[in-house]
Structures are given as structure tokens and as C-alpha cells.
Amino acid sequence: MADGSIGLWTVPLAVFGGAIRVSTPFLFVSLGECITERSGRINLGLEGTLVMGAMSAYGISYLSGSPWLGVIAAGITGALLGALHAGICSLPRVNDIAVGIALMLFGTGLAFYLGKPLIEPTAARLPAIDFGWWSDVPQVRAALRINVLFLIGIALAPVLYWAFRTTRWGLLIRTAGESSDAARAMGYSVLAIRLRATMIGGFLSGIGGSFLSLFYPGSWNEGLSSGQGITAVALVIFARWDPMLCLWASLAFGGAAALGPALQSVGVTSGYHLFNAAPYILTLAIMIITCSPKRTLTGAPAELSITR
Amino acid sequence: MEFGRISRRHLLQGGAALTLGSAFGAGGARAADTTIGFIYVGSRDDYGYNQAHAQGAAALKKIAGLKVVEEEKVPETDAVEKTIESMINLDGASLLFPTSFGYYNPHMIKMAKKFPKLRFEHCGGLWSDTDPKNAGSYFGYIDEAQYISGIVAGYTSKSGKIGFVAAKPIPQVLRNINAFALGAKLANPKTTTQVIFTGDWSMPVKEAEATNSLIDQGVDVLTCHVDGPKTMVENAARRGAMVCGYHVNQSPLAPKAYLTGAEWNWEALYPKFVKMIAAGEAIPNFYRGGLKEGVVKTSPYGEAVSAEARKHADEIKAKFLSTEGYSIFKGGLMNNKGKTVIAAGTDRGQKDPELEKMDYLVKGVLGATS
């Protein structure tokens, strides 16, 4: 169009763009949590890990000038928090959900405390790859400025799917999650498997956090996560512990987050609170549709404290 | 999620209360100096609303004999009452600034009744005769600065479409949107202002999405009314759009894209309040001021602002500063549903309390309040 507007096309484009822009943290946290939960443990602390990851990535990127160092620092921070969770949970009679909630508060609190001096400075951001070169519509070009972390996340989902099914360590994680007795009988330490699975989960969540602060929205502040970590943990449950479903669910959540603002921008203004709540309504709807009182959730690892 | 309730301060205060309480008795912790308490709803370095107040508090810290205590991230619930009580009982605060809109009624009113000898100053509240005399509300007519920003935005926009990322449709926000839109129309009568409400004061992902959606619609100048404008400013500048700031000067974040902005000037007002108290003068319970009174100010113009825009904006600014003043909201004003909201011939001056109950968007604004 002559005035540079694309009219109602904004809505599908924004949902598509939103799926790409907003979904990455969901994707990394949910894939990480998928690994952790498949090993038989729930780490609810990933909200805190996400925020700590975002803060440490921003801090390291600001201090070193290299955003990639920031991403690595976020991953290491996440892995350390994961190790902390797994370490506490390996003590006898410790409830992993309670530890998770404690670590969620600890992670966010620590990130806010350490992140105070980082709110004002501007850190180096992760670069975007321009996949919209073929289009002369600036809106499409903007929507297709994709960060490589998103591509890694997308590639990671089928890799994990394949790894759970066909590799040795995939089988080990699943064994620890389905029957810790069987794993023990095979001579493996369940605690060691879960420690590694939780650390990998934390590592991925930390990287998800680095996306928030270093790419989109692209700065550190205390409202940055607004509950995305905890949403992603819930997302694993309705993705049925399946990495591929985690991918689709993350994309759907990203798109849903863009729906409210996009509809308002084209003039659909009534009930925007409802559209803003779209991701949560989506969660509820899927949970209601898929749950059944007659059986446990299909795909749920048998060792999880919520299914046991 | 709100984790602010269990802050480090609370813990420290708990410990201090035990030791001091036993050593000196209840009043022992009070110093002879005046202690002033500041309460913020968010983080005090958010490049926005709370930072503006914290800059005001910082100005007080420089004055000898004053002690400033601060607590941030206090929700607009009875949590603020607890904070006020602890500031009074533990820190000996005698003047309190609960700075967030939702603190006023019923929380601060309740505290003002409970501590009739202390002074409470609320930012944004509507003090009325039935409220306690030791409570007061102050606010700035920041819509004057928004009007100036709107003029600059109207001249700068090539598409004639301006975007406004707003938090909630409450009167203060609506007044800013309307003033901004009217200023833009003064510069270019064909300008439309598209508003998107994100639903809350700090929603970075929604704010970024709103910014992108607006730019996708052809908007090329944006402003906002959220607690932390950093997200909007940075994301808009990345997409090549121009921005007008809010709360504090955000030009360091986007030096090329920053046109001007509406800023609070609390670092001038708070020391003034303290001087009034020290001199024994009463602060009016209902205190308001705009550009003329120095309660608000505009950011210096950015390099992208044309000479024409500067001239027009400076002219209007001079009118605000003059003794006659200037009215933004004048008769014959229609809302964006086609209804007349200010009848022809009526001139709502800036001090008119009707304006603080604004519940409409003026003609030229695309969007709805509900």
C-alpha cells in the first residue's frame, strides 16, 4: 500500500513475527524442562534461572562487549542453578517442587539484586540474520530478522526427539524417569543422571534468558520475564513431555502473545484484556481438553512427584 | 509476579527492630534530623516513573539534616500500609512520599488518619475536603510537555501516523494521550494517533510487540506512557522510527531517534516542599503545577527536529510559561466516537479538576478505552 501500511495483514504477520520473536525463551525453557522431567524430576525454579540467565548475559555482554560470551555465561549460570536444585533434591526426603519454588524466588531475587547497576547501561546485542531479503515489504523484512538462537532452538527439538528414542543417554534419562529401580538395577546412579539432566535443563533455560535481555525485548529490567519461565514449565506438561510438541506449543504461545497488541493496532479494540490473556486462556483450554480423571497423563514420566 | 514483599529491607528492619527496640525503647531510634520516606511501586532505576521520583529523593539527600529512606517494588495493596508503618516506627519518618497512583485510597488515607501529626504527600491522588488535612496530593500537568512533544511529533511524522504505547486507560494516561494527539494535530491536522494498551505498567514483551505492531501499521513516530519507556524507545529506534520520551530523558538510549520528551522535575519540587515545611508554611493539600511552576519540563530537542517544529513548539511553550497560560482542552472538543465532550465556548484550564476525571479519547486518536 502507498502509505506504507499493510492494513489487516498486520495481524497474521504480527502473530507470525511474534511466534518467531517471543517463542525462543519458551522454547529453550520448555526443552530444558523436558529433559529434566524425563529424568524424573520437576524443576519449577526455571523462572528464576531464566531471569538469572537474562541478567548474567546482559552483565557479561556489557562488561566484555561480546554478546556470545554473555550467552555462554547465562548457560553456565543456569547449569549452576540446576546443579543446586539437583544437589538439594538428592538429599533424602526433599520435595523437588518445594525446592523449585525456593530457587525461583532465590533466582529472581538474586538477579534483581545483582542486576541493579545493569538497568541503565546498554549492552551489546546479539546479531540478527536477515531472512527477509527477498521481500520489499519492510514489515515482512522486520518480522524475518531472526536470531540464530531461535534456529538453534528449532533444531534442538527434533534432535532431542531423536535422542530420547534412539541414543543410549536418551534411554538412560527415560529409565531414570520411568523406573529408578530399573536404572539402579542396571548399575547406574539415578541421582547422577538427574543431576546432569537438571544441569542441562538449567543450561538451556539460562540461554533462553539471554535471548530476552540480548535480543528481544533486548534490555535488562526487572519486569523482563513476566512469568515466561513458569509458563514454559506448564507448557511441558501439556506438550506431553514431547520435544516436538514443545516446539509447536512455544510457537503458539509466542504468536498468542503478539495477538493482543496486533489486534489493537488494526482497530479491534474491544476486549483487549481478553486478547492479552490469550496465552493463559490457551493453556487452560488445552489442559481442560486433554486431561481426564480416568487415567494419568499420557507420556508422563512415572517417577515424577506429580504422577507418582 | 511480585516478590517485592520480602525485600532485603524488611529483613534488615526486622533485625534492627529487635536490637534497637530493646536498647533504646520505642522512640530511641529517632534522630533529631528529619527523616523522609519514599515508596516506589517499581524499581527505582527503571529509566521511567520511579527513577524520576528517585532523582527527586536524591536531590533531598544532598540537603544537610535530611535523611531519606526508600523502599521499592511495594505493591499497591495493604503492603504499602505496612511499609509506611515501618518507615514511621522504625526509621522515624515524619514526611512520607508514597509515589504510586494506587497507594492513595484507601491505604495512604488510612495511614494519615492513624498518624495525624505526620505529613503524607501523594503523587497523583485527588485530595478532597473530606480527606485528612495532614494528607496532600501533588501532581504535574505533564500533559503540557506531552502537548509540546505532540507538536514535534506531528511535524516529524511523514506518514501522518503516530503511535502511543500506553499501560492502562486511567485518567492520567488518557489525558497524556489526548494532549499528545492534540499537539500533533496542531502541527498537522491530518495526523492520527494510534494507541495500544498493554494492560499493565511494566510488560516489556507486550510493549515491544505493541511497538512492532504500530510500526507495521505505518507509524513512524512513537511515544508511550508506561513505567519504563526503555523497551519502546530501543525497539522503535531499531526499526528506524522516531521517539518522544516520557518520565525522564531517554536520549542516551537512542540519540538519533530521540526527538524530545515529557519529563518530571521532582528534583526541583521536593526540595521546595521541604523548604516550605522548614519555613513553617503549609503545603497546599491539592498541589498542581505545569511547565510554568517547574513541576514538569521537556527534554532538549534532538537533531532530527526541524527548525519549523522547534519554532512552533517554542511558541506554545512560551504561552504555557506566560501569566495568561494556555489551555489544551478547549470547547468544541469531540471524542473519537463523535460525541462532544467539551461544549463549544467552554475553556477547561489546566487546573480544572474535570480534566483529572478524563475517560475519553479525543477525535484523531485510534483506539478505545475499554
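Cut-offs applied
- Residues numbered from 1 in each chain as written.
- Chains lettered and ligands numbered in written order.
- Predicted model: local features only at pLDDT ≥ 70, side-chain atom pairs only at ≥ 80, totals over all residues.
- Helix = DSSP H or I, 4+ residues; strand = E, 2+ residues; numbered from the N terminus.
- Rg over C-alpha atoms; globule rule 2.2 N^0.38 Å.
- Buried ≥ 20, exposed ≤ 12 C-beta atoms within 10 Å, placed from the backbone.
- Contact = placed C-beta atoms within 7 Å.
- Pairing = 2+ DSSP bridges.
- Axes fitted to C-alpha atoms, helices over the stretch in contact; angles between N-to-C directions.
- pLDDT = per-residue confidence, 0-100.
- Parallel < 35°, antiparallel > 145°, perpendicular 65-115°, else oblique.
- Left-handed = near helix turned anticlockwise from the far one by under 90°.
- Nonpolar A, V, L, I, M, F, W, Y, C, P; charged D, E, K, R; others polar.
- Expected span 1.5 Å × (residues − 1).
- Arc of directions from axis to C-beta.

Novice: If you had to explain the overall build of chain B to someone new, which residues and values would you point to?
Specialist: Helix and strand content of chain B: 10 helices and 17 strands. At 21 Å, chain B has a C-alpha radius of gyration in line with the 21 Å of a compact globule built from 370 residues. In terms of overall dimensions, chain B has C-alpha extents of about 70 × 45 × 35 Å along its principal axes. A buried classification covers 54% of the 370 residues belonging to chain B.

Novice: How would you summarise the overall build of chain A if you had to cite specific residues and measurements?
Specialist: Looking only at helices and strands, one finds 13 helices and two strands in chain A. Expected size for 308 residues packed as a compact globule is a radius of gyration near 19 Å; at 20 Å, chain A falls within 12% of this value. Judged by the C-alpha coordinates and their principal axes, chain A covers about 70 × 50 × 35 Å. Expressed as a percentage of contacts within chain A between residues at least 6 apart in sequence, the contacts between residues at least 24 apart total 78%.

Novice: Give a description of the sheet that holds strand β1 (residues 34-39) of chain B that names residues and reports values.
Specialist: Paired through backbone hydrogen bonds, the strands of a sheet run either parallel or antiparallel to each other. Residues and elements named next belong to chain B. The six strands lie next to each other as β2-β1-β3-β4-β5-β11, forming an open sheet whose pairing is parallel. Across the chains shown, the open sheet's two edge strands, defined by having one partner strand only, are β2 (66-71) and β11 (286-289). Strand-to-strand twist across the sheet, computed as the mean angle between neighbouring axes with direction ignored, equals 20°. Sitting on the sheet, helix α2 (residues 49-61) touches β1 and β2, and the angle it makes with β2 is about 155°. Across the sheet, helix α4 (residues 104-114) is in contact with β3 (93-98), β4 (119-123) and β5 (135-140); its angle to β4 comes to roughly 165°.

Novice: Tell me what's going on with the confidence of the model for chain B, and back it up with residues and numbers.
Specialist: Residues and elements named next belong to chain B. The pLDDT averaged across chain B works out to 89; a share of 91% of its residues lies at or above 70. Predicted confidence is poor over residues 1-6, with pLDDT under 50, and the contacts of this stretch with residues over four places away or in other chains come to nine contacts. Between residues 14-31, whose pLDDT stays under 50, and residues either more than four places distant or in other chains, the model counts 11 contacts. On the interface metric, ipTM, the complex scores 0.86, and its pTM is 0.85.

Novice: Tell me about the environment of B:Ile151, residues and numbers included.
Specialist: Residues and elements named next belong to chain B. Residue placement: Ile151 occurs in helix α5 (residues 142-156). A sequence separation of 107 residues divides Ile151 from Tyr258, and the C-alpha atoms of the two residues are 14 Å apart. Those residues in contact with Ile151 that sit more than four places away from it in its chain are Gly183, Leu186, Ala187, Ala309, His312, Ala313 and Ile316.

Novice: So, the packing of helix α1 (residues 10-38) of chain A against helix α7 (residues 204-216) of chain B: which residues are in play, and what are the values?
Specialist: A pair of packed helices is captured by two measures, namely the crossing angle of their axes and the spacing between those axes. Two elements in contact, α1(A) and α7(B), have axes separated by 11 Å at closest approach and are oriented at 140°. Looking at the two axes, α1(A) sits oblique to α7(B). Both α1(A) and α7(B) take part in a crossing whose hand is right-handed. Judged by residue contacts, A:Thr10, A:Leu13, A:Ala14, A:Gly17, A:Gly18 and A:Val22 of α1(A) engage B:Val205, B:Glu209, B:Asn212, B:Ser213 and B:Asp216 from α7(B). Of the residues in the contact of α1(A) with α7(B), the class split is four nonpolar, five polar and two charged.

Novice: Hey, could you go over helix α10 (residues 307-321) of chain B for me, with residue numbers and the actual values?
Specialist: Residue and element names in this part refer to chain B. Taking 1.5 Å per residue as the helical rise, α10 with its 15 residues ought to reach 21 Å, and the 21 Å between its terminal C-alpha atoms agrees with that figure. For α10, the set of buried residues is Ala309, Ala313, Ile316 and Phe320. Axial view of α10: buried residues confined to an arc of 65°, hence all on one face. Of the residues in α10, the exposed ones pointing more than 90 degrees away from the buried face are Ala307, Glu308, Lys311, Glu315 and Ala318. The elements touched by buried residues of α10 are α5 and α6 (171-187).

Novice: With reference to specific residues and values, describe the packing of helix α2 (residues 46-64) of chain A against helix α3 (residues 67-89) of chain A.
Specialist: Residues and elements named next belong to chain A. At their nearest, the axes of α2 and α3 sit 7 Å apart, and the two run at 145° to each other. Along this stretch, α2 crosses α3, giving a crossing that reads as right-handed. Here Gly48, Thr49, Met52, Gly53, Ser56, Ala57, Tyr58, Ile60, Ser61 and Ser64 of α2 lie close against α3, whose contacting residues are Pro67, Leu69, Gly70, Val71, Ala73, Ala74, Thr77, Gly78 and Leu81. Per-class residue counts for the contact of α2 with α3 are 10 nonpolar, nine polar and no charged.

Novice: Pulling in residues and values, what's your account of the interface of chain A and chain B?
Specialist: In this complex, chain A contributes 42 residues to the contact, which on the side of chain B involves 35 residues. Of all elements in the fold, only α1, α4 (96-115), α5 (138-143), α11 (243-265) and α12 (272-276) of chain A reach the threshold of two or more residues within the side of chain A that touches chain B. Broken down by element, the side of chain A that touches chain B gets its largest block of residues, seven residues, from α11(A). Grouping the amino acids of the side of chain A that touches chain B by side-chain chemistry returns 15 nonpolar, 23 polar and four charged.

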